[in-house]
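# Structural overview for review
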Amino acid sequence: MNVELFIPCFIDQLYPETAFNTLKVLEKAGCTVNYNPEQTCCGQPAFNAGFWDDAKTVGLKFLSDFSEDSVIVSPSASCTGMVRNYYNDLFTNTTSHNKCRNIQGNIYELSDFLVNILQIDYFGAELDGRAVYHDSCSGLRECHIKNEPRQLLSKVLGLELLDLKDGETCCGFGGTFSVKFDAISGAMAQQKVDNALAVNADYIISTDASCLLQLQGYIDKNNLPIKTMHIADVLANGWGNV
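Residues numbered from 1 in each chain as written. Predicted model: local features only at pLDDT ≥ 70, side-chain atom pairs only at ≥ 80, totals over all residues. Heavy atoms only, no water.

## So, the overall build of the protein
Looking only at helices and strands, the protein features 13 helices and 8 strands. Scaling as 2.2 N^0.38, a compact globule of 242 residues should have a C-alpha radius of gyration of about 18 Å, and the protein matches this with 18 Å. For the C-alpha atoms alone, the extent of the protein along its principal axes is close to 55 × 45 × 25 Å. Each of the 242 residues in the protein was classed as buried or not, and the buried ones make up 51%. (Helix = DSSP H or I, 4+ residues; strand = E, 2+ residues; numbered from the N terminus. Rg over C-alpha atoms; globule rule 2.2 N^0.38 Å. Buried < 20%, exposed > 50% of the residue type's maximum accessible area, 1.4 Å probe, protein only.)

## A look at helix α6 (residues 97-104)
Three or four residues apart is the spacing at which side chains of an α-helix point the same way, because the helix has 3.6 residues per turn. Three or more residues of α6 are buried, namely Cys100, Ile103 and Gln104. The buried residues of α6 occupy an angular sector of 100 degrees when projected down its axis, which confines them to one face. On its buried face, α6 is in contact with α4 (52-65), β3 (71-74), α5 (77-91) and β4 (107-109). (Arc of directions from axis to C-beta. Contact = heavy atoms within 4.5 Å.)

## With respect to the pattern of salt bridges
Per the counting criterion, the structure on display carries 7 salt bridges. The partner of Glu160 in a salt bridge is Arg130, with the nearest N and O atoms 3.2 Å apart. Here the residue Glu160 occupies a position in strand β6 (residues 157-162), and Arg130 occupies one in strand β5 (residues 126-133), the gap between them amounting to 30 residues. Residue class for Arg130 comes out partly exposed when judged on its relative accessible area of 27%. Close ionic contact of Arg150 with Asp135 constitutes a salt bridge, the shortest N to O distance being 2.7 Å. Here Asp135 lies in the loop between β5 and α8 (137-142) and Arg150 lies in helix α9 (residues 147-153), a separation of 15 residues in the sequence. In this structure Asp135 comes out as buried when scored by relative accessible area, which is 1%. When salt bridges with common partners are traced through the structure, they connect Asp135, Lys146, Arg150 and Glu168 into a single cluster. (Salt bridge = Lys/Arg side-chain N within 4 Å of Asp/Glu carboxyl O.)

## Side note on the UniProt feature "domain: Cysteine-rich" (unreviewed entry) in the protein
In the numbering adopted here, UniProt assigns the feature "domain: Cysteine-rich" (unreviewed entry) to residues 3-83 and 132-216. A helix fraction of 56% and a strand fraction of 12% characterise residues 3-83, whose end C-alpha atoms lie 17 Å from each other. (UniProt positions renumbered as here; feature names shortened; annotations may be inferred.)

## Some details on the nonpolar core
Among the nonpolar cores identified, the biggest contains 36 residues, and Leu26, Phe113, Leu114 and Ile205 are the most heavily contacted of them. Where this core is concerned, the elements lending two or more residues are β1 (2-5), α2 (16-28), β3, α7 (110-117), β5, α9, β7 (203-206) and α13 (231-235). Of the residues that make up this core, three or more belong to each of domain 1 (2-116) and domain 2 (122-236). Residues within four places of Phe113 in sequence aside, it is in contact with Met1, Val3, Leu26, Cys31, Val71, Val73, Tyr108 and Leu118. Residues Phe6, Ala55, Phe62 and Ile72 belong to the second largest nonpolar core, which totals 18 residues. (Core = buried A, V, L, I, M, F, W, Y, C linked by side-chain atoms within 4.5 Å. Domains from an automatic or database assignment.)

Put into structure tokens, the structure is as follows:
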């Protein structure tokens, strides 16, 4: 299958290795991957901050950077959810209405695409340790992803997937929320990490790098014995042993 790869600006700037691992996983799944180096942002930061005119400007560039008749895959449920759900507020009854609707119907978060479209859940990945999966708010509530990441992780050799208390609770990032309400945001991150440590997890895994940045920041600040990983990084791990 031919797919277009959407790498959100957040991952491009802070987690480029996750972008490359997404590419590796898609190619191992048999996809021909096309990447437009001119792509930038989906407009979510401006949209969430209330600057809808700016978000629309950025969103128009997004719509021009991708083909309306191609499958688009992204390693971010947050940005996928933005395009799928909130572009309605920006482009309904505009000259971009039809192209927007076509793209909305063709964009997928990585785990959703692998499990539900390609119907592939085994990549020969290996990761020794115990892990919990964190349901990002966007993945769970906007993209309706819950079982897909867990199905993929259950096939990773050496990885024991544990139940996380309050797994559907927000990590506290929420974009500008973590800046405007830092004390509350920090307490939410602490609760999430404490629940992971309570079951002796070695890793917290998620579909969203923004959540992982929030949690890893708390982990590093407090020098805690646990690590965060994006699911793309997990799926591309240990291939040399296959």
